[in-house]
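Chain by chain, the residues:
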Amino acid sequence: MPGSFARTKHLARRAGLVAAVLLLVAQVPLGSADAAGPRPVPDGGLADLPALKPVLTCADVLSLDLGGVTDAPVTVRSAAVVTTGAPAPYCEVRGTVAPANTFVVRLPVNGWTQRFVQTGCGGLCGSARIDYGQASTCPPVVDGTLASATTDMGHQGQNDGSWALDNPQAQIDFAYRGVHVTTQVAKALIGRFYGRGPAYSYFTGCSDGGREALMEAQRYPDDFDGIAAGAPANDMAVQNTFHHAWNVVTNLDDAGHAILLAGKLPLVHTAVLNACDALDGLRDGLLGDPRLCRFDPAALACAAGQDPATCLSPAEAGVVRRLHDGAVDANGARLEPAVAHEWGSELEWTLFVPATPTQPSASENFALSYLRYLAFPGAQNPDFRLTDLKFTVASFWKTVQSSSYLAAMDPDLTGFQRGGGKLLLWQGWNDQHISPQSTLAYWDAMRSSMGGGRVDAFARLYLFPGVAHCGGGDGPNTFDILTPVMAWAESGRPPGKVVASNATRSRPVYPYPAVARYDGTGSVDDAANFVPVTPRSEPGPGYHWVGERLYSGDYQTWCRADGTTLRCRPTETWLTRRAGTRT
């Protein structure tokens with residue numbers, strides 16, 4: 001848990017006393033604060049931080065003693081200057097935090113503007129690869145003046161989850177420890193290499209990287225000044241079980257063959273646009289807020305003698321409805337937030353709707369990887385099949401309780417907020433992996449837990465029309481998500497509109513709940529011709545479902561490895577005591 005020293009360091013940096021704190025952490029001689037301190041903030045909102053030259057060579061890094069930096073030994077395995085590719089040149093440092101957390105750190109050699117950015121992983125990770133994602137257009141990323149790092153989160157390869165078999169330490173490292181110890185090592189290396197630590201530290205990630213981002217804000221609130229969390233898989237215990245499993249099983253007939261095939265998805269998508277595209281004031285192929293759409297798949301039912309390629313059978317229409325609505329039990333109790341896949345996202349459903357009746361889908365792989373190796377740490381079963389997962393309330397509580405250590409569901413970010421941290425949540429409305437409703441449910445829980453005023457003081461949510469999982473999709477899908485966080489942390493300037501673009505158009509996206517509306521003049525493909533409008537009421541279905549009580553600090557657990565056993569505390573939690581009443 002973050003201690004009083006970490007909090008003191010965080011506040012000291014805010015007060016401009018970074019030199020004294022870093023003297024304790026890095027144990028290196030420091031230059032004067034005046035020589036490298038912040039300058040007046042320019043129009044862009046980023047502090048004008050002088051670029052520092054290294055005080056060590058890249059080769060010197062190999063001999064550094066990093067003992068005591070983390071809770072385990074650190075080994076630097078390589079350090080070499082990279083001169084090709086953006087954002088070169090930099091000193092690339094690779095190493096390991098015991099037992100198996102691979103880290104990669106990039107240290108600019110021509111000038112470092114005192115910023116550090118750590119990037120998250122995706123999927124079940126297993127590969128230490130720095131990927132800036134939607135932060136790739138951030139100016140300090142483009143010009144190569146910031147230090148960066150990432151980690152494979154404690155295991156290598158095997159994105160099928162088998163790495164977790166009888167390996168509780170790898171499970172802990174993937175859950176939360178791997179990212180944190182990498183942060184500690186990266187900051188220590190930065191402090192030694194430049195003679196001072198970061199003036200500002202940031203984290204950016206999407207999907208599991210979004211979960212990692214929220215895990216940092218919840219468990220280690222002093223690690224970062226600003227966090228950009230995209231499409232967060234923070235509800236992983238539900239997302240990778242009932243959500244993805246439902247994508248598969250609700251589309252199977254009695255013979256185990258897929259009912260709805262990918263060839264019908266363009267038909268459904270066209271019908272959705274015909275019914276709902278104009279609800280946001282424009283017919284442009286995008287749903288500004290899919291929650292306004294009340295499309296009924298039954299409208300595509302085949303008439304007598306109609307070509308079946310141009311319509312849906314009753315069974316196919318039923319699948320479309322169930323895929324949209326999400327997982328339920330036999331009595332209709334929701335096992336995930338209502339609306340698993342938004343209207344307008346149908347072209348992205350090839351993730352789980354196969355091309356042929358017997359073709360496996362990606363959703364099946366996601367669910368089985370988790371259910372076999374991560375959902376039940378004390379009863380891992382490589383032979384688990386989706387038919388073994390029961391869509392009942394009792395099964396729900398058993399499943400989510402067992403893997404609570406992986407969840408980043410605590411909505412009370414008081415520690416992060418009090419330390420001055422800034423959070424930017426974002427997601428595409430057409431996300432085919434993770435429902436935007438899951439992120440909205442977390443946002444709603446934050447406001448209920450902390451109060452809307454407090455949340456508005458440090459957090460923003462952005463929802464991008466037509467954008468798929470972490471990017472792509474039909475909507476404007478390229479945007480800079482990191483600079484607004486930096487500007488907020490460095491100058492106190494709250495984020496406003498974020499302009500997204502693609503090859504044919506640009507659009508502004510405003511902090512939720514505001515939406516962009518065409519002002520009636522000029523091109524509808526130019527972001528300059530849109531204004532923010534805040535709806536009088538939220539059009540969504542609400543966030544009442546079986547697992548809404550998971551948004552609690554009591555749900556998350558801290559674990560330790562005991563041989564091949566994962567032991568988590570508390571063992572008798574709020575969740576355990578009440579699970580038996582929801583069968």
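Anyway, here's the lowdown on the structure attached to this text. (Residues numbered from 1 in each chain as written. Predicted model: local features only at pLDDT ≥ 70, side-chain atom pairs only at ≥ 80, totals over all residues. Heavy atoms only, no water.)

## Focus on the overall build of the chain
Step number 1: On a plain count of helices and strands, the chain comes out with 16 helices and 15 strands.
Step number 2: Compactness check: the chain gives a C-alpha radius of gyration of 24 Å against a globular reference of 25 Å for 583 residues, within 12% of the reference.
Step number 3: Overall, the C-alpha framework of the chain stretches about 85 × 65 × 45 Å when taken along its three principal axes.
Step number 4: Burial status across the chain gives 59% buried among its 583 residues.
Step number 5: Partitioning the contacts of the chain with sequence separation of at least 6, the portion at a separation of at least 24 is 69%. (Helix = DSSP H or I, 4+ residues; strand = E, 2+ residues; numbered from the N terminus. Rg over C-alpha atoms; globule rule 2.2 N^0.38 Å. Buried < 20%, exposed > 50% of the residue type's maximum accessible area, 1.4 Å probe, protein only. Contact = heavy atoms within 4.5 Å.)

## A word on unusual backbone geometry
Step number 1: A cis geometry characterises the amide bond from A98 onward to P99, with omega recorded as 5°.
Step number 2: Looking at the element boundaries, P99 is found in the loop between β2 (90-97) and β3 (101-108).
Step number 3: Within the chain, C125 stands out as a residue other than glycine whose phi angle is a positive 55°.
Step number 4: Looking at the element boundaries, C125 is found in the loop between β4 (115-119) and α4 (139-142).
Step number 5: Look at C125 and you get buried, because its relative accessible area is 9%.
Step number 6: Of note in the backbone geometry, M153 takes a positive phi value of approximately 70° without being a glycine.
Step number 7: Tracing the backbone shows M153 in the loop between β5 (147-151) and α5 (168-194).
Step number 8: You can call M153 buried: its relative accessible area is 1%.

## Quick look at the sheet that holds β2
Step number 1: The nine strands lie next to each other as β1-β2-β3-β5-β4-β6-β7-β8-β9, forming an open sheet whose pairing is mixed. Only two strands of the sheet have a single partner each, and these edge strands are β1 (74-82) and β9 (459-464). Looking at each pair of strands side by side, their axes are set apart by 15° on average, direction ignored.
Step number 2: As paired elements, β3 and β5 share four bridges and run antiparallel to each other. Each residue of the ladder has a partner; that of V105, found in β5, is A149. (Pairing = 2+ DSSP bridges. Axes fitted to C-alpha atoms, helices over the stretch in contact; angles between N-to-C directions.)

## Side note on the packing of α5 against helix α6 (residues 208-219)
Step number 1: Put simply, α5 and α6 touch, their axes get as near as 10 Å, and they point 75° apart. Considering the angle they form, α5 stands roughly perpendicular to α6. For the pair α5 and α6, the contacting residues are F174, A175, Y176, V179, H180 and T183 in the first and D208, R211, E212, M215, E216 and R219 in the second.
Step number 2: Its residues placed into classes, the contact of α5 with α6 shows five nonpolar, two polar and five charged. (Parallel < 35°, antiparallel > 145°, perpendicular 65-115°, else oblique. Nonpolar A, V, L, I, M, F, W, Y, C, P; charged D, E, K, R; others polar.)

## Concerning the packing of aromatic side chains
Step number 1: If you walk through the whole model with that rule in mind, you get 22 aromatic pairs.
Step number 2: Ring geometry for F242 and F396: centres 5.6 Å apart, planes at 40°, overall tilted. Note that F242 is positioned in helix α7 (residues 236-249) and F396 in helix α11 (residues 393-402), a separation of 154 residues in sequence.
Step number 3: Take F242: its relative accessible area is 0%, and that puts it in the buried class.
Step number 4: When the centroid spacing of 6.5 Å and the interplanar angle of 45° are considered together, the rings of Y442 and Y551 count as tilted. Of the two residues, Y442 sits in helix α13 (residues 436-450) while Y551 sits in the loop between β13 (530-533) and β14 (558-562), which places them 109 residues apart along the sequence.
Step number 5: Of the residues examined, Y551 reaches a relative accessible area of 12% and is grouped as buried.
Step number 6: Pairwise contacts between aromatic rings join F242, W246, F391, F396, W397 and W545 into one cluster.
Step number 7: Between K398 and the ring centre of F376, over which it is positioned, the NZ or CZ distance is 6.0 Å. (Phe/Tyr/Trp six-rings, centres within 6.5 Å; stacked < 30°, edge-to-face > 60°. Lys NZ or Arg CZ within 6 Å of the ring centre and 35° of its normal.)

## Focus on the packing of α7 against α11
The angle between the axes and the distance between the axes are what describe a pair of packed helices.
Step number 1: Packing of α7 against α11 leaves a shortest axis separation of 9 Å and a crossing angle of 135°. One way to sum up the angle between α7 and α11 is to call them oblique. Remark: the crossing between α7 and α11 carries right-handed chirality. Across the interface between the two elements, A237, V238, T241 and F242 of α7 pack against S395, F396, T399 and V400 of α11.
Step number 2: Here the residues of the contact of α7 with α11 sort into five nonpolar, three polar and no charged. (Left-handed = near helix turned anticlockwise from the far one by under 90°.)

## Examining the nonpolar core
Step number 1: Counting residues in each nonpolar core, the largest one holds 105 residues, and the members touching the most others are V93, F396, L423 and M446.
Step number 2: Ranked by residues supplied to this core, first place goes to α5 with 14 residues.
Step number 3: Filtering out sequence-adjacent residues up to four positions away, M446 remains in contact with P411, L413, L423, L425, G451, V455, F458 and A459.
Step number 4: Core analysis: the second largest hydrophobic core is formed by 33 residues, A47, A228, A489 and A500 among them. (Core = buried A, V, L, I, M, F, W, Y, C linked by side-chain atoms within 4.5 Å.)

## Quick look at the state of the cysteines
Step number 1: The full count for this structure, using the stated rule, is six disulfides.
Step number 2: The disulfide bridge from C121 ends at C125, spanning 2.1 Å between sulfur atoms. In terms of burial, C121 and C125 fall into one category: buried.
Step number 3: Across the disulfide, C559 is cross-linked to C568 (sulfur-sulfur distance 2.0 Å). Because the torsion about its S-S bond is 100°, the bridge between C559 and C568 counts as right-handed.
Step number 4: Classification of C559 by relative accessible area gives buried; the value is 13%.
Step number 5: Since its relative accessible area comes to 22%, C568 is described here as partly exposed.
Step number 6: What connects to what in the chain, once the bonded cysteines are numbered by sequence position, is 1-2, 3-4, 5-10, 6-7, 8-9, 11-12. (Disulfide = S-S within 2.5 Å.)

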